[in-house]
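If you want the building blocks of each chain, they are given just below.
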Amino acid sequence: SVQKDAIALLQLETDLRLAIGALINTPSTISEFIVYYQPIVSLSTGKITGFEALVRWQHPRRGIVYPGDFIPVAEETGLIAHLDWWVMGEACRQVRAWQKQFSSNNPLTIGINLSSRQFDQSDMVERIDEIIRDTGLESSSLKLEITETCLLENAEKAIAHFEQLKALGIKLAIDDFGTGYSSLDRLHRLPIDILKIDRSFVNSRSDETDKWEIVRTIIMLARNLGLDVVAEGVETADQLFQLKQLQCDYGQGYFFSKPVDAMAAEALLVSQFQ
Ligand code: C2E
Ligand code: CA
Ligand code: CA
Ligand code: CA
């Protein structure tokens, strides 16, 4: 019933407030949130070049809650920014540790999702700079992901923040590319480094030629603008084959690995580097 739904939502919101509040007040204690890591793979070498950080909520009664079920609530209540800062700190610290453990000419990168609430914070860039300095992560290893929609909603603020982030050496990615309405003109004016093609195009059968045509066009656009391309949602060998044909740079998806916890992600690195 509508009433039951309303009560359930209120309960979720209350639990979320408590869980996020615990991050702010007692950051050293064990949190209900866990950062999962999904590999991003170079399609030319087949090697993991970095990860995207994806948050999970280990709810004491419900079990694992996925971002789709609590990020919208966290956004509405304004709690999201606290959670996002925690995720960024946690993921940067972890990846810095892996960089030391698995040293390579191309240090591992970490992709972090930004929410539009973070753009409302005038000290956003300072906070990111602080996390980089605290964790010792090279700024070029950090890739901030922002959706087209979030960009459009925050155009002025985004451009100002992005220029400062760029000056720090941080990389910027447009997430879910193809689902919004970024004009070419806008793309050209933004200091963007990476396009992540939305999985609704990538995760297609080979006979869905219209979708592959979109993928091909995005890859060409990226090449002309000098941007790297990541194909999201690669699930099959056939999709990988198509992407290689189109000379896509990177892939991410269940075909390579689902998002996994830090221990499992480390095991993937161990087998790659041995
Ligand atoms: P996203 O940034 O587009 O992240 C990719 C989503 O696609 C993840 O869902 C991932 O598990 C899923 N995915 C990856 N490979 C495949 C595949 O091959 N097939 C399919 N069907 N799905 C795949 P997840 O982890 O449930 O996250 C959903 C969304 O929640 C993310 O979409 C992102 O927008 C948001 N999100 C996740 N973590 C955070 C966070 O820490 N902060 C913020 N602000 N948003 C987050
Ligand atoms: Ca993302
Ligand atoms: Ca995405
Ligand atoms: Ca998404």
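Anything mentioned here points back to the structure above.
Residues numbered from 1 in each chain as written. Chains lettered and ligands numbered in written order. Predicted model: local features only at pLDDT ≥ 70, side-chain atom pairs only at ≥ 80, totals over all residues. Heavy atoms only, no water.

Turning to the overall build of the protein chain, a few remarks are in order. Scanning the protein chain from terminus to terminus reveals 12 helices and nine strands. Relative to the globule expectation of 19 Å for 274 residues, the C-alpha radius of gyration of the protein chain, 19 Å, shows essentially globular dimensions. Projecting the C-alpha coordinates of the protein chain onto the three principal axes gives extents of approximately 50 × 45 × 35 Å. Sorting the 274 residues of the protein chain into buried and exposed places 48% on the buried side. Considering only contacts within the protein chain whose residues lie at least 6 apart along the sequence, 68% involve residues at least 24 apart. In the form shown here, the protein chain has an accessible surface area of approximately 13900 Å², with 51% of it arising from carbon and sulfur atoms. Across the protein chain, 26 positive and 38 negative side-chain charges occur, with their mean positions spaced 3 Å apart. (Helix = DSSP H or I, 4+ residues; strand = E, 2+ residues; numbered from the N terminus. Rg over C-alpha atoms; globule rule 2.2 N^0.38 Å. Buried < 20%, exposed > 50% of the residue type's maximum accessible area, 1.4 Å probe, protein only. Contact = heavy atoms within 4.5 Å. Areas by Shrake-Rupley, 256 points an atom, 1.4 Å probe, with all protein chains shown as cover. Lys, Arg positive; Asp, Glu negative; His and termini not counted. Charge placed at Lys NZ, Arg CZ, Asp CG, Glu CD.)

All right, on to the site of ligand 1 then. With respect to spatial proximity, 22 residues lie near ligand 1, and among them Arg56, Asp84, Arg199, Glu235 and Tyr254 are the closest. For ligand 1, an oxygen atom lies 2.8 Å from a polar atom in the side chain of Arg56. Between ligand 1 and the protein, one listed contact pairs an oxygen atom with a backbone N or O atom of Tyr254 at 2.8 Å. Coverage of ligand 1 by the protein chains reaches 83% of its 800 Å² of free accessible surface. (Near = heavy atom within 4 Å. Polar contact = N/O pair within 3.5 Å; in protein donor to acceptor, adjacent residues only side chain to side chain.)

Time to look at helix α10 (residues 209-225). Given a rise of 1.5 Å per residue, 17 residues ought to cover 24 Å, and the 24 Å separating the end C-alpha atoms of α10 matches this to within 8%. Residues Trp212, Val215, Ile218, Ile219, Leu221 and Ala222 constitute the buried set of α10. (Expected span 1.5 Å × (residues − 1).)

A separate point is the coordination of the calcium ion (ligand 3). Taken together, Asp175 (OD), Asp176 (OD), Glu232 (OE) and Glu232 (OE) make up the protein donors of the calcium ion (ligand 3), found 2.2 to 2.4 Å from the metal. Here the donor residues of the calcium ion (ligand 3) share one chain and are spaced in sequence as D-D-x55-E. Here the calcium ion (ligand 2) and the calcium ion (ligand 3) are spaced 4.0 Å from one another, each receiving a donor from Asp175. Taken together, the residues span a long stretch of sequence, with Asp175 in strand β6 (residues 171-177) and Glu232 in the loop between β8 (228-231) and α11 (237-245) at a distance of 57 residues. Taken as a pair, Asp175 and Glu232 share a single burial class, namely buried. (Donors = N, O, S within 2.8 Å, 3.2 Å for Na, K, Ca; no water.)

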